[in-house]
Amino acid sequence: MPVVIEHEQLPVREARAGDAGAWNILFKRYQLPLYTYVFELVHHEQTSLDIVQECFISAARHIASLRVDGKFGSWLFGIAHQKCVQHWRKRRPDSVPIEEEEDLVGDVAGPAELLISQEQEAEFLAALDRLSPPHREVLLLHFIEEFSIEEIAGITGARPGTIKSRLHYAKDALRHLLTKPSE
Amino acid sequence: MKTFKELLLERHRGMEPKLDAARKRALAELEQPEAKPSWRDFLISLRWHLAGLSAVWLVFIVLTFDSHAETTMVMARDKIPPAPVLRAEWIEKRLELMELTQAPGETEPAALPPRRSEILSRFEFV
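From a predicted model like this one, the values you see are computed outputs, not experimental measurements.

## Let's talk about the overall build of chain A
- The helix and strand tally for chain A stands at eight helices and one strand.
- Secondary structure of chain A in N-to-C order comes out as α-α-α-α-β-α-α-α-α.
- The 183 residues of chain A split such that 52% are buried.
- When contacts within chain A are restricted to residue pairs at least 6 apart in sequence, long-range pairs at least 24 apart make up 69% of them.

And the structure:
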């Protein structure tokens, strides 16, 4: 099990003061979740590693723009989101997968609700890949770091209603897969 | 049974050594002082903006001069008097010029009275 340090325990204040050790702790804490998020969006190993490294450097250089220390995680993922968007723009300028859609009122349960059995794993990951990038992104942010709707809205720049709608749709799609009787 | 988070993180756990290396590279880069951009770099970065602005100013200046010249020509054309007046003025000026340029005594005034001796000799012959 990965060691998860609570936001309050993260040495953000020390990092602000330029403490290299503090940055090392912060980077180590977020490197795997950040890589997972980026990889599941861009699907390329080296690009994902480059983006993670760029995120770390950008975070250290622009730490002054972080207002609340407790929001370091969502702020860092916001940087990663921007880097992914830049990557998509470079690849195909007309295919940046950011779209607006109608807000739906849906219930959004906690991140721990989806449990996947060993037999379902491959199918589940394949289903995740079939989701559109905006839906996948919202789902990843919600489950990997347990960000709230408002935090995800802040990371992606979309409205909270849109995030709620995307999350509802994505979870429905995955739930449908998990409740389907195995053949 | 696994949660979504566990499944995803386990899927990428094999990347940890590479992520450690990326983290160390990032930390090493942060330890290097950030190069401060010089004035030269700043101006070079603005070269296209400066070129664009210069072009705009050039067009503006050319258009301003052009419209100025046109206005001056229109004003001059409006002030030209009709041809007969011009001709009369020209003759008058020419006469004035001739008077000024002729040396004194070069022409005798036509209505000067004859000399007294000439008048007397005329009477004598009669």
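Now that the structure is up, let's keep going.
## Here we look at the overall build of chain B
- The secondary structure content of chain B amounts to six helices and one strand.
- Listed N to C, the secondary structure of chain B is β-α-α-α-α-α-α in terms of helices and strands.

## Things to note about the interface of chain B and chain A
- Contact residues are listed per partner, giving 26 residues for chain B and 38 residues for chain A.
- Both faces combined, the contact of chain B with chain A buries some 3,200 Å², and carbon together with sulfur accounts for 68% of it.
- The three residues of chain B that bury the most area against chain A are B:F4, B:L19 and B:R23, which together make up 22% of that side's buried surface.
- At the boundary of chain B with chain A, the tally comes to five salt bridges.
- Of the charged contacts, one joins A:E121 and B:K2 as a salt bridge, the two residues approaching to 2.9 Å between their closest N and O atoms.
- At the boundary of chain B with chain A, the tally comes to nine residue pairs in polar contact (both at pLDDT 80 or more).

## Quick notes on the packing of aromatic side chains
Residue and element names in this part refer to chain A.
- Counted under the stated rule, the structure contains 13 aromatic pairs over all chains.
- On the numbers, 5.8 Å between centres and 25° between planes, the contact of Y35 with F39 is stacked. One end of the pair, Y35, and the other, F39, are both in helix α2 (residues 20-42), four residues apart, so they sit about a helical turn from each other.
- For Y35, a relative accessible area of 1% puts it in the buried group.
- Take F39: its relative accessible area is 19%, and that puts it in the buried class.

## Topic: a negative patch on the surface
- A surface patch of like charges, here negative, comprises B:E89, B:E92, B:E96 and B:E99.
- Relative to the helices and strands, B:E99 resides in helix α5 (residues 83-101).

## Regarding the confidence of the model for chain B
Residue and element names in this part refer to chain B.
- Chain-level statistics for chain B give a pLDDT mean of 81 and a share of 82% at 70 or above.
- Across chain B, helix α2 (residues 16-31) holds the top mean pLDDT of 93, while helix α6 (residues 116-125) sits lowest at 66.
- Scored as a complex, the prediction yields pTM 0.64 and ipTM 0.81.

## Details of the pattern of salt bridges
- Applying the stated criterion across every chain, the model contains 12 salt bridges over all chains.
- Residues A:D172 and A:R175 are paired through a salt bridge, measuring 3.0 Å at the closest nitrogen-oxygen approach. With a gap of three residues between them, A:D172 and A:R175 both fall in helix α8 (residues 160-179), about one helical turn apart.
- Assessed through its relative accessible area of 36%, A:D172 is described here as partly exposed.
- One salt-bridge network, in which partners are shared between bridges, spans A:K28, B:D20 and B:R23.

## With respect to the confidence of the model for chain A
Residues and elements named next belong to chain A.
- When pLDDT is averaged along chain A, the result is 83; 81% of the residues meet or exceed 70.
- Here strand β1 (residues 115-116) stands out as the least confident element of chain A, with mean pLDDT 75; helix α3 (residues 45-61) is the most confident, with 95.
- Below a pLDDT of 50 lies the segment residues 98-106, which in the model reaches 22 contacts outside its immediate sequence neighbourhood of four places, other chains included.

## Notes on the state of the cysteines
Residues and elements named next belong to chain A.
- Inspection of the entire model under this criterion finds zero disulfides over all chains.
- C84 supplies the cysteine sulfur nearest to C55, a cysteine that is in no disulfide, at a spacing of 7.3 Å.
- Relative accessible area serves as the criterion here: at 0%, C84 is assigned to the buried category.

## A few points about the nonpolar core
- Grouped together as the largest cluster of nonpolar side chains are 67 residues, with contacts concentrated most on A:W23, A:Y37, A:F72, A:L139 and B:F4.
- Of the residues that make up this core, three or more belong to each of domain 1 (12-91) and domain 2 (111-179) of chain A.
- When near neighbours in sequence (up to four residues on either side) are disregarded, A:Y37 contacts A:F77, A:A80, A:H81, A:E137, A:L140, A:L141, A:I144 and A:I155.

Analysis parameters
- Residues numbered from 1 in each chain as written.
- Chains lettered and ligands numbered in written order.
- Predicted model: local features only at pLDDT ≥ 70, side-chain atom pairs only at ≥ 80, totals over all residues.
- Heavy atoms only, no water.
- Helix = DSSP H or I, 4+ residues; strand = E, 2+ residues; numbered from the N terminus.
- Buried < 20%, exposed > 50% of the residue type's maximum accessible area, 1.4 Å probe, protein only.
- Contact = heavy atoms within 4.5 Å.
- Buried area = accessible area lost by both parts, 1.4 Å probe.
- Salt bridge = Lys/Arg side-chain N within 4 Å of Asp/Glu carboxyl O.
- Polar contact = N/O pair within 3.5 Å; in protein donor to acceptor, adjacent residues only side chain to side chain.
- Phe/Tyr/Trp six-rings, centres within 6.5 Å; stacked < 30°, edge-to-face > 60°.
- Patch = residues over 30% accessible without salt bridge, like charges linked within 9 Å, V, L, I, M, F, W, Y side chains within 5 Å.
- Areas by Shrake-Rupley, 256 points an atom, 1.4 Å probe, with all protein chains shown as cover.
- Lys, Arg positive; Asp, Glu negative; His and termini not counted.
- Charge placed at Lys NZ, Arg CZ, Asp CG, Glu CD.
- pLDDT = per-residue confidence, 0-100.
- Disulfide = S-S within 2.5 Å.
- Core = buried A, V, L, I, M, F, W, Y, C linked by side-chain atoms within 4.5 Å.
- Domains from an automatic or database assignment.

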